[in-house]
Structures are given as C-alpha cells and as structure tokens.
Amino acid sequence: MMFTAVLIAVLIGNVGSVLAASLMLRIKDEKLHRYLKNINAFAGGTLLGAAFIGMLPKAIQITGYTISYYVLGGILFFFLLEKIMLWRMCSEEHCERREKASALMLMVGDTFHNCLDGVTIAAAFMYSQSFGIVMAFSIFAHELPQEIGDVGVMVHSGFSKRKAIMYNVYSGLAAIVGAVLALYAGSYTQHALPFILAFSAAGLLYIALADLIPELHHKANLSESVLQLALLLLGIGVIILSVV
Ligand SMILES: [Zn+2]
C-alpha cells in the first residue's frame with residue numbers, strides 16, 4: 001500500500017516534472033525566466049519547511065539532539081557531491097559552470113540527485129501520508145526549473161529536444177531506486193528512520209539554501225522581492241498544513 005503511494009508520488013515528482021518542463025519550454029524566454037523564479041521561491045519554502053517542520057523535529061524526537069551531527073555530515077556530503085558532479089541548478093543562460101559541465105556529467109549528477117529525491121519522498125511517507133503527498137509536489141516544484149535547465153543544456157550541446165526529454169525521463173526513474181532503498185532500510189530496521197530523515201533534511205536544506213535561494217538574488221527589485229517572500233512563506237505554510 002505504502003509502496004504504491006510512494007511509487008506514484010515519485011513518478012509525479014521526478015518524471016511528471018520532466019514532462020511538465022517539456023511543455024513549459026514553449027513559453028517565451030523572458031516570461032519563462034520570471035515563472036521559474038517564482039516557482040523557485042515557492043519550492044525553496046516547501047523544502048525549508050519540510051526540513052525544519054517535518055523531518056528534523058521527528059528525527060530529534062526519536063533519537064535526540066545528536067542527530068544534528070548527521071545533518072551536518074549530510075550537508076558536507078552534498079557539498080562534496082556538488083563539487084564532483086557540478087550538478088547545480090542554474091536557470092541563467094550564461095552559467096559558467098553549466099557550460100563547463102558536459103551534458104553527460106549533468107545526466108550522471110541529475111540521476112544521482114533524482115535517486116536522493118526518491119529517498120526523501122519515501123522518508124516523508126514513512127512520516128505520514130499527507131506529508132508524503134505534499135513532499136511529492138515539493139519535489140515536482142524544485143525539479144521543474146531544474147529539468148528545464150537540463151533539457152536546455154542538452155539541446156544546446158547537440159541533442160534533439162525529444163532525446164533530451166527522454167534521457168531526463170530515464171534519469172527521473174532513478175528516483176524509484178532511491179525510494180525502494182529507503183523503504184527497504186525503513187522496514188528492515190526501525191532505527192534507520194531518524195537517519196533517513198536527517199539525511200533527507202540535509203539534502204533539502206542544501207538544495208534550498210545553496211541552489212534555489214541564490215537564484216532569487218540576481219536582481220533586487222522591491223515588488224519582486226515581496227512576491228518572492230510571500231511565495232517562500234506560502235511554501236512553508238503548505239508544509240505546516242501537511243504535518244499537523
Ligand atoms: Zn530534486
């Protein structure tokens with residue numbers, strides 16, 4: 001039962017987002033860029049909310065405050081991973097690092113990232129069904145701009161749009177692997193849950209603070225900033241509703 005729910009959630013978050021991205025690629029560049037920023041702000045809010053309101057309190061409740069060391073370790077892990085893979089999301093047209101990263105490297109990093117998203121969705125379902133469902137949409141929201149960026153880079157480096165989308169769908173399916181591993185670990189031993197939660201929280205914090213939010217700081221425009229803050233708060237609010 002839980003497995004089916006997790007599977008559907010993973011397909012929405014990591015495959016549905018690729019398909020939605022392929023549709024959004026038809027939107028004009030300037031408009032698309034503005035939409036993506038707004039989506040980033042909302043996604044950032046849901047990720048922060050999921051980490052601080054959903055996963056961390058639960059992990060602390062089970063294991064005690066020492067779980068914070070694992071979160072710290074997780075953040076360092078994600079830092080190193082990003083260094084190695086150059087997977088970082090970048091929706092700017094001239095992103096130095098994106099241009100240097102080959103399309104292949106991008107796919108490897110993206111596949112690994114999707115796998116970790118699967119772990120996160122499974123962890124959220126182990127917490128509660130409503131949290132799991134909201135987490136699937138949170139993943140969808142942060143994957144959407146990322147997939148648009150990925151497909152863009154691949155087309156830029158010579159892939160046909162169809163091929164680029166197909167490869168990203170395959171990469172999205174890697175989330176199933178992560179979800180299955182997390183569910184297996186969770187059912188094998190109760191003790192695994194707080195560590196899966198702490199590791200997922202570290203990943204969410206890293207994506208929100210190191211990848212999504214810096215994207216919002218390229219321009220300082222008052223009305224845009226107010227909107228971004230509102231969207232961040234909205235993202236956090238959605239998480240609060242799902243965990244109470
Ligand atoms: Zn993701």
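Check the entry above for the structure.
Here's what I pulled together on the structure shown here. (Residues numbered from 1 in each chain as written. Predicted model: local features only at pLDDT ≥ 70, side-chain atom pairs only at ≥ 80, totals over all residues. Heavy atoms only, no water.)

In this section: the overall build of the protein chain. The helix and strand inventory of the protein chain stands at nine helices and zero strands. Helices and strands appear in the protein chain in the N-to-C order α-α-α-α-α-α-α-α-α. Radius of gyration (C-alpha) of the protein chain: 17 Å, near the 18 Å computed for a compact globule of 244 residues. Taken along the three principal axes of its C-alpha coordinates, the protein chain extends 45 × 40 × 30 Å. Among the 244 residues that make up the protein chain, the fraction classed as buried is 52%. (Helix = DSSP H or I, 4+ residues; strand = E, 2+ residues; numbered from the N terminus. Rg over C-alpha atoms; globule rule 2.2 N^0.38 Å. Buried < 20%, exposed > 50% of the residue type's maximum accessible area, 1.4 Å probe, protein only.)

Let's shift gears to the coordination of the zinc ion. Looking at the zinc ion, one finds its protein donor set to be His 113 (NE2), Asp 117 (OD), His 142 (NE2) and Glu 143 (OE), positioned 1.9 to 2.0 Å from the metal centre. One can describe the donor arrangement at the zinc ion as tetrahedral, given that its four donor atoms subtend angles of 99 to 128° at the metal. All donor residues of the zinc ion come from one chain, and their arrangement in sequence is H-x3-D-x24-H-E. For the pair shown, His 142 and Glu 143 are each scored as buried. (Donors = N, O, S within 2.8 Å, 3.2 Å for Na, K, Ca; no water. Tetrahedral: all angles 85-135°; square planar, octahedral: opposite > 155°, others 65-115°.)

A few words on helix 9 (residues 222-243). Residues three or four positions apart in an α-helix share a direction because the helix packs 3.6 residues into each turn. Compared with an ideal rise of 1.5 Å per residue, which puts 22 residues at 32 Å, helix 9 spans 32 Å between its outermost C-alpha atoms and is within 8% of the ideal. Inspection of helix 9 places Glu 224, Gln 228, Leu 231, Leu 232, Gly 235, Ile 239, Ser 242 and Val 243 among the buried residues, and these make up the whole buried set. Buried residues of helix 9, seen end-on, are gathered within an arc of 115° and therefore sit on one face of the element. Within helix 9, the exposed residues directed more than 90 degrees away from the buried face are Leu 222, Ser 223, Val 226, Leu 233 and Leu 241. On its buried face, helix 9 sits against helix 2 (29-63), helix 5 (103-127), helix 6 (129-156) and helix 8 (192-215). Between the side-chain oxygen at the start of helix 9 and the backbone nitrogen of Ser 223 there is a gap of 3.1 Å, and the oxygen is on Asn 221. (Expected span 1.5 Å × (residues − 1). Arc of directions from axis to C-beta. Contact = heavy atoms within 4.5 Å. Polar contact = N/O pair within 3.5 Å; in protein donor to acceptor, adjacent residues only side chain to side chain.)

Now for the packing of helix 2 against helix 8. The description of two helices packed together rests on the angle between their axes and the distance between the axes. Direction vectors running N to C along helix 2 and helix 8 enclose 155°, while the axes themselves pass 8 Å from each other. Between helix 2 and helix 8, the interaxial angle falls into the category roughly antiparallel. When the axes of helix 2 and helix 8 are compared, the crossing they make is left-handed. In terms of residue class, the contact of helix 2 with helix 8 is built from 21 nonpolar, four polar and three charged. (Axes fitted to C-alpha atoms, helices over the stretch in contact; angles between N-to-C directions. Parallel < 35°, antiparallel > 145°, perpendicular 65-115°, else oblique. Left-handed = near helix turned anticlockwise from the far one by under 90°. Nonpolar A, V, L, I, M, F, W, Y, C, P; charged D, E, K, R; others polar.)

Taken together, Leu 11, Met 166, Tyr 167, Tyr 170 and Leu 173 make up a surface patch of nonpolar side chains, about 430 Å² in accessible area. Among the elements that line the nonpolar patch, the one with the most residues is helix 7 (residues 161-188), at four residues. With respect to the helices and strands, the residue Leu 11 is situated in helix 1 (residues 2-24). Take Leu 11: its relative accessible area is 35%, and that puts it in the partly exposed class. (Patch = residues over 30% accessible without salt bridge, like charges linked within 9 Å, V, L, I, M, F, W, Y side chains within 5 Å. Areas by Shrake-Rupley, 256 points an atom, 1.4 Å probe, with all protein chains shown as cover. Salt bridge = Lys/Arg side-chain N within 4 Å of Asp/Glu carboxyl O.)

Axis separation between helix 5 and helix 8 bottoms out at 9 Å; the angle between their running directions is 125°. For the element pair helix 5 / helix 8, the angle class is oblique. Between helix 5 and helix 8 the crossing geometry is left-handed. Contacts from His 113, Leu 116, Val 119, Thr 120, Ala 123 and Met 126 of helix 5 reach helix 8 at Leu 193, Ile 196, Leu 197, Phe 199, Ser 200, Leu 204 and Ile 207. In terms of residue class, the contact of helix 5 with helix 8 is built from 10 nonpolar, three polar and no charged.

Moving on, we get to the nonpolar core. In this structure, Val 6, Met 55, Ile 121, Phe 131 and Met 135 are the most contacted members of the largest nonpolar core, which totals 59 residues. When neighbours within four sequence positions are excluded, Met 135 is seen to be in contact with Leu 47, Ala 50, Met 55, Thr 120, Ala 124 and Leu 204. (Core = buried A, V, L, I, M, F, W, Y, C linked by side-chain atoms within 4.5 Å.)

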